[in-house]
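Coordinate inspection notes
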Amino acid sequence: MNARMEVPSQTKDAATTERGYIGQSAPRVGAKRLLEGRGAYIDDMRLPRLAHVVYVRSPHAHALIKSMDLSAVKKQPGVIGAFTGSEIAAYCTPWVGVLGHLKGIKSAPQHAVAIDRACWQGEPVAAIVAQTRRQAEDALHFVQVDYEVLPVIVEMADALKGDYVIHPELGDNICFQRELKTDDFDEAFAKADVVVEKTFKFARHTGVTNEPRAVLADYQPADHSLTVYQATQAPHMMQDIMSRHLGIPESNVRIVCKDVGGSFGIKVHVYPDEMATAALSVMLKRPVKFMADRLESFLSDIHAREHIATVRMACTKEGDILGFDLDDLTGIGPYSVYPRTSGIEGNQVVNLTGGPYKHKAYRAKLNVVFTNKNVTCQYRAVGHPIAVALTEGIVDEGARALGMDPAAFRRRNLIADDAYPYTFPSGLKFEKLSHHQCLDKLLQMMDYDGLRAEQKALREKGIYRGIGLAAMIEVTNPSPAFYGVGGARISAQDGATLRLDPSGMLNVLVSVTEQGQGTEAVFAQIAASMVGVSLDKVRVITGDTAVTPYGGGTWASRGAGIGGEAVLQAGKALKTNILAVAGAVLSVDPATLDVVDNAVVDRLTRVEQMPLAEVGRVAYFRPDTLPMDFQSELTVTRHYTPREFGFTFTNGIQASYVEVDTETGFIKLLKHWCVEDCGTVLNPMLVDEQLRGGVVQGLGGALLEECLYSPEGQMLNGSMADYLVPMAYEMPDIEIGHVSTPTKTSELGAKGAGEAGTAGAPGAVMNAVNDALEGLGERVVEQPMTPERILKALGKI
């Protein structure tokens, strides 16, 4: 994770140091190293006495484990041991995925390896440890398990009925319910001139990261310590969890996150096979590695976004939105995922539906139910793609019913840019958003009127093109109100330690992890700007609980906004301390000095007084030359926690332009636009690529990706041969625009940007497809919008 990059140094003038590198498209830290094949991933690691574990996974979606015989397994070449769930449970306690502020949420205890019952196809039921991965996999064939197959719940509606209960001790299959209703809801819908209603279906899909999940645990019995090399987004969270469930003092647990091949929220959860791997290391007193293969990933990586939701919207005949009504049903598998729970996604849908609009009436009902499929939990843009698609889909329905242009209908109803701070009917508080500026910029970028004229002309020739819009809000920079208030030991703060070395190098240690999104580049830019050094003098270290400050890590688009602010504050403090040393050396007031381009300069004349290397030399090696009452401090740590608002919301709007072949049902993506307001844009190149990547991921879920299950709970397409993901040649040009409304809750002013593309793309492309098919058949209301579903909507099959 440690990296350097070389960039030409700046001249020593005030203009270039006002914001330094902030706002520049500096190259990604570590990119050259990765391109040279020098990345260090978990599967690259080799330790003395390293053993490999593979897991026996249930072939059934629901079954009792009547008996298990591992004796033949233990006799196979290279096998070190084979272990049942009860044996592993002696070293790793079970967990329950609930949060106190999600009132009434419940789940059954979950073990690292199932003991007497498997609840989904792919749940681990035993572990085999061998000298090599191949030997462990070969030994799998000698496992003998006698299962008693139990009834299976696959459909969410069946779970809600409760004719069969997966966990009888819970009483029903409902994990979490939520209802809210504003006081004026009934009145608003009673006086509405137009009420539109649609039911939308969203298929579950998963993250498909380049690097599958991986963990290497190394227990040292001599000092009862555990070092875990893990591809994780939240090292300190995992340090706490490993400590509590394995019975090892937290200070004795070290989590190291090296290079990570993508996460998208997939790697921020507790997985039973990863916890079992750590327990096996303790049991065997040696390092043990687990690396999920792609087939295992489809069965065990969390899935997300399985929803059936009915949404209604009430309007006046003049085109004013009066209110929204939501009924959402989502299935999460047999357990609520620990520690963030599987109730958050549905809760976000309730919080965010209708978000960009100025209505005051809102009613919502949410049911989160257990099923016998793989578990679901937070995945990139948690809940947002559902909420935005529901909102924007029904907004387009309203515009059609009223005979209004979709853009004009949105302009009439979006929250005014001067209406902030603003409280949404669900209770969310918005600091400052820019819906109208974003809409205006988007329409200008895409030449909206010109596209409408082109669409009309082509339709007369039998070519069916559609334009879809999707306004959005996005949760970023979450405060302790997200998890801490519910009792989860997940830090809402992040920290940064900055140290000036004797040579003038700047070391930056940050609790946010690098997952491939470029946060290390941003931290280097902020640190270099605040201290006054060039980027080639900055070395960033992340992902090691032994050396970085305590913090939350990477999730919920919080890295730049929270971690970046900690770096900024530490940089300012370190610069003050550097100038204090320089002032003592030069016998001048530190207020007359500045740091520019790796040197202390006169603040007024910009004339160099001494290089930073000289400051370091004196402070570290010749403090005897400094005044007796002076102590240099060239290492500084600062933390930052957002408190004023529960979340720092961003906003934006997207547009999709598509062509639909009404004979084959194929959709051609012609162009996509995204205008985003993420506050201070720290690195335009990285932000734009994060948005483009997010759009592609959102389009994948809307058009291609779906985890298919049989009535028996068997996943039918759990391989890259059968599970479709977006390919480069299928994707359109994606044009990015920005509006900047910096948050005032931090000096940096940065909001998150990593999930916005994913949040808005499904709604935009769905509306574009339905716009293309206007007048030809039924609306397409099920995602992914496959050719089969297009043709069904057209009545052709």
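What counts as what
- Residues numbered from 1 in each chain as written.
- Predicted model: local features only at pLDDT ≥ 70, side-chain atom pairs only at ≥ 80, totals over all residues.
- Heavy atoms only, no water.
- Pairing = 2+ DSSP bridges.
- Helix = DSSP H or I, 4+ residues; strand = E, 2+ residues; numbered from the N terminus.
- Axes fitted to C-alpha atoms, helices over the stretch in contact; angles between N-to-C directions.
- Contact = heavy atoms within 4.5 Å.
- Polar contact = N/O pair within 3.5 Å; in protein donor to acceptor, adjacent residues only side chain to side chain.
- Buried < 20%, exposed > 50% of the residue type's maximum accessible area, 1.4 Å probe, protein only.
- Right-handed = clockwise from strand over helix to strand, strands pointing away.
- Lys, Arg positive; Asp, Glu negative; His and termini not counted.
- Salt bridge = Lys/Arg side-chain N within 4 Å of Asp/Glu carboxyl O.

**Structural notes on the sheet that holds strand 25 (residues 599–602)**
A sheet is described by the order of its strands in space; here three strands give the open sequence 24-25-26, paired in antiparallel fashion. Strands at the two margins of the open sheet, each flanked by one partner only, are strand 24 (593–596) and strand 26 (608–611). In this sheet, adjacent strand axes meet at a mean angle of 30° when their direction is disregarded. Its contacts with the sheet put helix 17 (residues 559–586) on strand 24, strand 25 and strand 26, and the angle it makes with strand 24 is roughly 120°.

**So, the side chain of R380**
In this structure, R380 sits in the loop between strand 17 (361–369) and helix 12 (384–402). From its side chain, R380 meets the backbone oxygen of Q690 in a polar contact 3.3 Å long.

**So, the pairing of strand 23 (residues 538–542)**
Of all five residues in strand 23, four are buried, a share of seventy percent or more. Handedness of the β-α-β unit built from strand 22 (residues 506–510), helix 16 (residues 519–531) and strand 23 comes out right-handed.

**A word on unusual backbone geometry**
Y338 connects to P339 through a cis peptide bond whose omega is -5°. Mapped onto the fold, P339 is located in the loop between strand 16 (321–331) and helix 11 (344–352). Omega for the peptide link from Y420 to P421 comes to 0°, which places this bond in the cis form. Tracing the sequence through the fold places P421 in the loop between helix 13 (406–413) and strand 18 (422–423). Phi is positive for D447, which is not a glycine, with a value near 55°.

**Focus on the side chain of D536**
Considering the arrangement of structural elements, one finds D536 in the loop between helix 16 and strand 23. Here D536 is buried and forms no salt bridge, its nearest opposite-charge partner K537 lying at an N-O distance of 4.6 Å. A polar atom in the side chain of D536 sits 2.6 Å from the side chain of S534.

**Remarks on the sheet that holds strand 16**
The mixed open sheet is built from six strands, whose spatial order is 7-17-16-15-8-31. If you trace the sheet from one side to the other, it starts and ends with strand 7 (174–181) and strand 31 (782–783), each paired once. For strand 16 and strand 17, the ladder comprises nine bridges, and the chain directions are parallel. Paired with L329 across the two strands is N367, which belongs to strand 17.

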